[in-house]
Amino acid sequence: MSDRDKLVVEVIGAHNLMPKDGEGSSSAYVEVEFENKKLRTGSKQKDLNPVWNDRLVFDLPDPAGLPYRSIDVSVFNDRKSAAGGGGRNFLGRVRISGSTVASGKDDVCAVQMYSLEKRSLFSHVRGEITLKIYLSTEEGRVVVDGESKPQKQQKQKPIQNQQQQSQNSKKQQKPQEQQQKQVQRTVQQDPIPSDVKPVVITAASSGGPPPEMYPHGGFGFVGGGGADFALKETKPLIGGSAPIRDKMSSTYDLVEQMQYLYVRVVKARDLPMGDSVQAEVKLGNYRGITKRGVEWDQVFAFSKDTIQSSTVEVFVRERDKDDFIGRVAFDLGEVPRRVPPDSTLAPQWYRMEDKKGEKAKGEVMASVWFGTQADEAFSEAWHSKAAGVQPDGLGSIKSKVYLSPKLWYLRITVFEAQDIVVPAAGGGRYPELFVKAQLGGQALRTRGLSAPLWNEDLMFVVSEPFDDYLSVTIEDRVAPGRDDVLGRVALPIAAIERRMDDKPVVSRWFGLGEPKAARFGTGRVHLRLCLDGGYHVLDESTAYSSDVRPTEKKLWRPHVGVLEMGILGATNLMPTKPFKDGKGGGTADPYCVAKYGNKWVRTRTVVNSASPRWNEQYTWEVADPCTVITIGVFDNCRVDGGGGGERDARIGKVRIRLSTLESDKVYTHAYPLLVLQPSGVKKMGELHLAVRFTCTSVASVLQLYGRPLLPKIHYVEPLTVRQVEMLRYQATNAVAARLGRAEPPLGREVVEYMLDHGAHAWSMRRSKANFFRLVSVLSGILAFGRWVESVRSWHRPVRSVVTVSAFLLFDLCPELILPSVFLATAMVGLWRYRGRPRYPPHMDTRLSYAESVYVDELDEEFDTFPTSRGPEVVRMRYDRLRSVAGRIQTVVGDLATQGERMQALLSWRDPRATFLFVVFCFVLAAGFYTVPMRAVVGVWGVYAMRPPRFQNRMPSPMLSFFRRLPTRADSLL
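Residues numbered from 1 in each chain as written. Predicted model: local features only at pLDDT ≥ 70, side-chain atom pairs only at ≥ 80, totals over all residues. Heavy atoms only, no water.

A few points about the overall build of the protein
Filter applied, for reference: The helix and strand labels rest on DSSP assignments: H or I over at least four residues marks a helix, E over at least two residues marks a strand, and numbering proceeds from the N terminus. Residue contacts are defined here by distance: any two heavy atoms, one from each residue, within 4.5 Å place the two residues in contact.
Scanning the protein from terminus to terminus reveals 15 helices and 43 strands. A sequence separation of at least 24 residues applies to 70% of the contacts in the protein between residues at least 6 apart.

Right, dumping it as structure tokens:
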């Protein structure tokens, strides 16, 4: 045995401790006990996330017996140090088995995080502590009773008394505060890199999840470090300040004007070589080549900032030959300028010249002009900045507008079946009959019964055109995994009746054809089939849907506004793929996708650029302002003409709620592009947008706030939560399949990311975010309770006297209560108008709980479903836990949403809603002042208890208004 064997417990820090000093904080210190000896750190004043970085060293006379011993680590609140009193409060403890202690130098040992445990059943504990425990034979510095001394001069002794502890802690208070600030600066300047992979170490005695090893000592969680995640206001050179009357004449007034030289090569004639020719357009070092033949009709666009020549030349040459047949040169000083809505410049025939400048045989039809990105030929033109793109990849870099397919809900009501012949089975088995309906890749079935009486609804999502057939079969479960088909009928979708309201359609009996694999009789089945056009087919999350109109166009209301968006560009994008030449660094080929309603837009791909400039403007008609537009940025992986197996990488996305925008105001901001990765949240760049929402009729917009958010049939025949999620999954697949067949295709990964596919899966991070949203909402009620308690305590006599006098006044004159309340509420709303939000909401990492998320939580969030992290038993339990917790997460989020809508009444986040509410409060103030209170209470009681015959199943205007208010769900990642 060596006398120099030491057990070192390095206390790094703690996180999210329980406040115990009565002021919302704690002055925490750590006490470690080993072999009846106690050592402690200093106290950190008023800090729920203290940082110590203190080493406590214990003598270890018998290292072989360490696995059979334990280390007790306790965290206390120093009341004497914090408030000048005495004693301490228990904040939590951890008991660590000696078998988990590593041996070796401290730079190779693991930093472990432990959840604090209760001391008794009635203890209130929360938080985590980060420790580093190892064996060492080196001399170092230890901390005893809060004093830091060299190890060779320090004797291991128990804590003497609380008075001595307080004196020592006061002596070291200022140096410790300086050390804490220095450590915090170090942590902020040195965040955990994304390429560091924590190593999981099993702690047998911790009782919780296994701790992680973090080489940088980041307290076990990863975050954004010092990255700037804020929204920035920009001032681009756009024409957004033009009057409203000029909007129709200035189509591209929300983007910066980009000048291009357009060359249209139409065709050639009278050539000596026949049809085996192609045209080449050359401007300086840039050249574009047409397809083979004599009729091309192709447009080439050269950016003005890349023009390095005074002439543009059009060559006609044989394929794969250097010599040209003839050429036509255009002097750029003579090229006209075209600005829409001017008509298209007509192409003309030009006689070609040979190498000597003499007239050659043949003519070329072409036209050359200067224009901007507002030109009609811009979207289909070949761009000079895409000169390095392979011909197979040119189609994937063009801008395009897509339309989602028109989706319908197909409702199948299965009543019963008759004359079904079931084969006889031995062993006294009862038949287990069920109906299975299949449409394309969708399949649903009823429950299995011994008698063919089901009365169940099966719902599918179908898209126009209706070319598919619905297959309905009656089957018998004869054994696990084995079903016998007893009858089948195929029905064309186009022949199914459509309905626009809740009136039931006529049911019918359908004869079952004899299946090929059976020798028995068939029968008939009683079904009711209809295509529900009154529903809105949800393909997005209901929290940030971009369209709430029903499927049937006859039920649409006129649009109430126009949304215009200028996608200016992006800056500082992170590279997503390496350079082709294999050199260091990387590159990106970004493009942008925006989705609102059934209209998807895709900008062109800017090749090999970390700061692309798109400057493309798009317009949407708005039927409801309480909707959200989603904009995403992706990296094009098909530029090199790759196969369909490549997936475009996500760079980030932005959501903007239209009701938070003021009418006729241009918002120009740089939105941070945030992506959650297994290593934590990461800023991928900034997206520059210019947004304007224009109301065609303010009265129509304000009237919408009193109408139901969804169509009528959603409330008359509501769908269950399970049906909504299942149908949303089917709708996402239908949209992805249709857009994936377009040219250029919009990949499934892009559609799923834009529609938040899988957003309702279990996530500990989202659960914490929703919980703290709820806590933030309830904090107002708690603050009011504390205010009432402070009035009762008479700590401030003047305030208490005024409050009691006001209470007596309202008690004597109860008719003044409601007018005063609504008047005060309206005045508060007007007062807050000065400080109203003047910018759209954006992704909030703090609200999303993404800055302090733990690595194991991210590993769980990015885990597959079902899990792949352990044996079969663990997998089953893990999936069950995630399924149950996902429902709890949704409930908590809904509660937080309702509370945030209450806060939004006077926040001016939605200026129209706040305006309506303030006016409503003034009206109520006047009404309650003129009408006696007893009459109001009587009328309200009679109205609330009216018979069901006089009740309306539709939500009231006040409830509909409340459901339209914005929430902070738009800002969640």
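Brief notes about the sheet that holds strand 31 (residues 482–492)
We apply this condition: Strand pairing is assigned whenever DSSP identifies at least 2 bridges connecting the two strands. Fitted lines through C-alpha atoms serve as axes, helices being fitted only where they are in contact, and the angles separating the N-to-C directions of these axes extend from 0 to 180 degrees.
One open sheet accounts for 4 strands, arranged 28-27-30-31; its pairing is antiparallel. Each edge of the open sheet is held by one strand with a lone partner, namely strand 28 (442–445) and strand 31. Direction aside, the axes of adjacent strands within the sheet are offset by 20° on average. Across 10 bridges, strand 30 (residues 469–479) lies against strand 31 in antiparallel orientation. Residue pairing for strand 31: Ile-474 is matched across the bridge by Gly-487.

Examining the confidence of the model for the protein
Predicted coordinates in regions of low pLDDT should not be interpreted in detail. In plain terms, the rule: Known as pLDDT, the predictor's per-residue confidence is scaled from 0 to 100.
Here the protein averages 80 in pLDDT, and 82% of its residues register 70 or above. The secondary-structure element of the protein with the lowest mean pLDDT is strand 12 (residues 199–200), recorded at 29, while strand 36 (residues 590–596) shows the highest, at 95. Of the regions scoring below 50 in pLDDT, residues 240–249 engages in 10 contacts with residues more than four places distant in sequence or in other chains.

Let's talk about the packing of helix 8 (residues 764–793) against helix 9 (residues 797–812)
How two helices sit against one another is set out by the angle between their axes and by the gap between those axes. For clarity, the cut-off: For this classification, under 35 degrees means roughly parallel, over 145 means roughly antiparallel, 65 to 115 means roughly perpendicular, and everything else is oblique. The classification used treats Ala, Val, Leu, Ile, Met, Phe, Trp, Tyr, Cys and Pro as nonpolar, Asp, Glu, Lys and Arg as charged, and all other residues, Gly among them, as polar.
For the pair helix 8 and helix 9, the least separation of the axes is 8 Å and the interaxial angle reads 105°. Classified by the angle between their axes, helix 8 and helix 9 sit roughly perpendicular to one another. Here Trp-787, Ser-790 and Val-791 of helix 8 lie close against helix 9, whose contacting residues are Arg-799, Ser-800 and Thr-803. When the residues that make up the contact of helix 8 with helix 9 are grouped by side-chain class, the tally is 2 nonpolar, 3 polar and 1 charged.

Section: the pattern of salt bridges
Where we set the bar: We define a salt bridge as a side-chain nitrogen of Lys or Arg found within 4 Å of a carboxyl oxygen belonging to Asp or Glu. Buried means the residue's accessible area, taken with a 1.4 Å probe over protein chains only, is under 20% of the maximum for its type, while exposed means over 50%, and partly exposed covers the values in between.
Summed over the entire model, instances satisfying the criterion amount to 44 salt bridges. Where Asp-756 meets Lys-653, a salt bridge forms, and the shortest distance between an N and an O atom there is 2.6 Å. Of this pair, Asp-756 sits in the loop between helix 7 (748–754) and helix 8 while Lys-653 is found in strand 40 (residues 649–657), placing the two residues 103 residues apart along the sequence. Residue Asp-756 shares its accessibility class with Lys-653, and that shared class is buried.

Quick word on unusual backbone geometry
Look at the link from Glu-464 to Pro-465: it is a cis peptide, with omega at -5°. You can see Pro-465 is positioned in the loop between strand 29 (453–463) and strand 30. Residue Pro-744 follows Glu-743 across a cis peptide bond; omega there is 0°. Looking at where Pro-744 falls in the secondary structure, it is placed in the loop between helix 6 (721–739) and helix 7.

What about the sheet that holds strand 41 (residues 666–677)?
With antiparallel pairing, 5 strands are arranged side by side in an open sheet as 15-41-42-35-38. Lying at the two open borders of the sheet, with one neighbouring strand each, are strand 15 (232–233) and strand 38 (613–622).

Considering the side chain of Ser-971
Along the polypeptide, Ser-971 turns up in the segment after helix 15 (957–963). Owing to a relative accessible area of 10%, Ser-971 belongs among the buried residues under this scheme. If we ignore the near neighbours within four places in the chain, the residues touching Ser-971 are Pro-841, His-842, Met-843, Asp-844, Leu-847 and Ser-848.

Some points on empty space enclosed by the protein
Basically, it comes down to this: The pocket and cavity definitions rest on a 1 Å grid over protein atoms only: a 1.4 Å probe that fits but cannot leave marks a cavity, an open set with protein on both sides within 12 Å along at least five of seven lines marks a pocket, and residues lining either have an atom within 4 Å of a point. Grid points are joined across faces, edges and corners, and a volume is the space filled by probe spheres set on the points.
Tallied over the full model, the rule gives 1 cavity of 30 Å³ or more. Taken as a whole, the largest cavity spans an internal volume of roughly 40 Å³. Lining the largest cavity, in full, are Arg-765, Arg-766, Ala-769, Asn-770, Ser-848, Leu-972 and Leu-973. For the lining of the largest cavity, the class distribution of residues is 3 nonpolar, 2 polar and 2 charged.

A few points about the packing of helix 10 (residues 817–831) against helix 13 (residues 911–930)
As a reminder, the rule being used: Each crossing gets its hand from how the near helix is turned against the far one by less than a right angle, where anticlockwise is left-handed and clockwise is right-handed.
With their axes 8 Å apart at the nearest point, helix 10 and helix 13 run at an angle of 155° to one another. In terms of their interaxial angle, helix 10 and helix 13 are classed as roughly antiparallel. Relative to helix 13, the crossing made by helix 10 is left-handed. Contact residues: Leu-818, Pro-819, Phe-822, Leu-823, Thr-825, Ala-826, Gly-829 and Leu-830 in helix 10; Phe-917, Val-918, Cys-921, Phe-922, Leu-924, Ala-925, Phe-928 and Tyr-929 in helix 13.

Considering the UniProt feature "transmembrane region" (unreviewed entry) in the protein
As a reminder, the rule being used: UniProt positions are given in the numbering used here, feature names are shortened, and annotations may be inferred rather than shown by experiment.
UniProt tags residues 808–831 and 915–943 as "transmembrane region" (unreviewed entry). Annotation note: span residues 808–831, helix share 83%, strand share 0%, distance between end C-alpha atoms 27 Å.

A short note on the environment of Glu-616
Secondary-structure assignment places Glu-616 in strand 38. Using a relative accessible area of 3% as the deciding quantity, one classes Glu-616 as buried. Counting along the chain gives 13 residues from Glu-616 to Thr-603, while the straight-line C-alpha distance between them is 7.0 Å. Setting aside residues up to four positions removed in sequence, Glu-616 forms contacts with Tyr-252, Val-255, Phe-378, Ser-399, Met-565, Gly-566, Ile-567, Arg-602, Thr-603 and Arg-604.

Some points on the packing of aromatic side chains
Using the following cut-off: Working definition: rings of Phe, Tyr and Trp (its six-membered ring) pair if their centres are within 6.5 Å, and the pair is stacked with planes under 30 degrees apart, edge-to-face with planes over 60 apart, and tilted otherwise. Only lysine NZ and arginine CZ atoms are considered, and such an atom sits over a ring when it is within 6 Å of the ring centre and within 35 degrees of the ring normal.
According to the stated counting rule, one finds 20 aromatic pairs in the structure shown. Seen in terms of ring centroids, Phe-34 and Phe-58 are 6.0 Å apart; in terms of plane orientation they differ by 70°. Their pairing is edge-to-face. One end of the pair, Phe-34, is in strand 2 (residues 28–34); the other, Phe-58, is in strand 4 (residues 51–59), with 24 residues separating them in the sequence. Phe-58 matches Phe-34 in its accessibility class, with the two residues each being buried. Three or more aromatic residues joined by ring pairs form one cluster here, namely Tyr-260, Tyr-262, Trp-369 and Phe-378. When the ring centre of Phe-76 is taken as origin, the NZ or CZ atom of Arg-88, which lies over that ring, is 3.7 Å away. Residue placement shows Lys-653 over the ring face of Tyr-753; its charged tip is 4.5 Å from the ring centre.

Considerations on the nonpolar core
Under the convention used in this document: What is meant by a nonpolar core is a set of buried Ala, Val, Leu, Ile, Met, Phe, Trp, Tyr and Cys residues, joined one to another through side-chain atoms within 4.5 Å.
Among the nonpolar cores identified, the biggest contains 80 residues, and Trp-600 and Ile-656 are the most heavily contacted of them. Membership of the second largest hydrophobic core comes to 32 residues, among which are Tyr-29, Ile-71, Phe-90 and Val-101.

Some details on helix 10
Our working rule: What a helix should span is 1.5 Å times the count of its residues minus one. Here the arc refers to the set of directions running from the helix axis out to each C-beta atom.
The end-to-end C-alpha separation of helix 10 is 21 Å, in line with the 21 Å expected for 15 residues at 1.5 Å each. Of the positions making up helix 10, those classed as buried are Pro-819, Phe-822, Ala-826 and Gly-829. Buried positions in helix 10, seen along its axis, are confined to an arc of 95° and lie on one side of it. Lining the buried residues of helix 10 we find helix 13.

Examining a nonpolar patch on the surface
Which entries qualify depends on this criterion: Patch membership is restricted to residues that have no salt bridge and whose relative accessible area is over 30%. Joining uses 9 Å for like charges and 5 Å for the nonpolar side chains Val, Leu, Ile, Met, Phe, Trp and Tyr. All accessible areas in this document rest on Shrake-Rupley with a 1.4 Å probe, and a residue is counted as covered only by the protein chains that are shown.
Judged by side-chain polarity, Trp-794, Val-801, Val-804, Phe-807 and Leu-808 come together as a nonpolar surface patch covering roughly 490 Å² of accessible area. By the secondary structure assignment, Trp-794 is in the loop between helix 8 and helix 9. Accessibility expressed as a relative area gives 44% for Trp-794, which makes it partly exposed.

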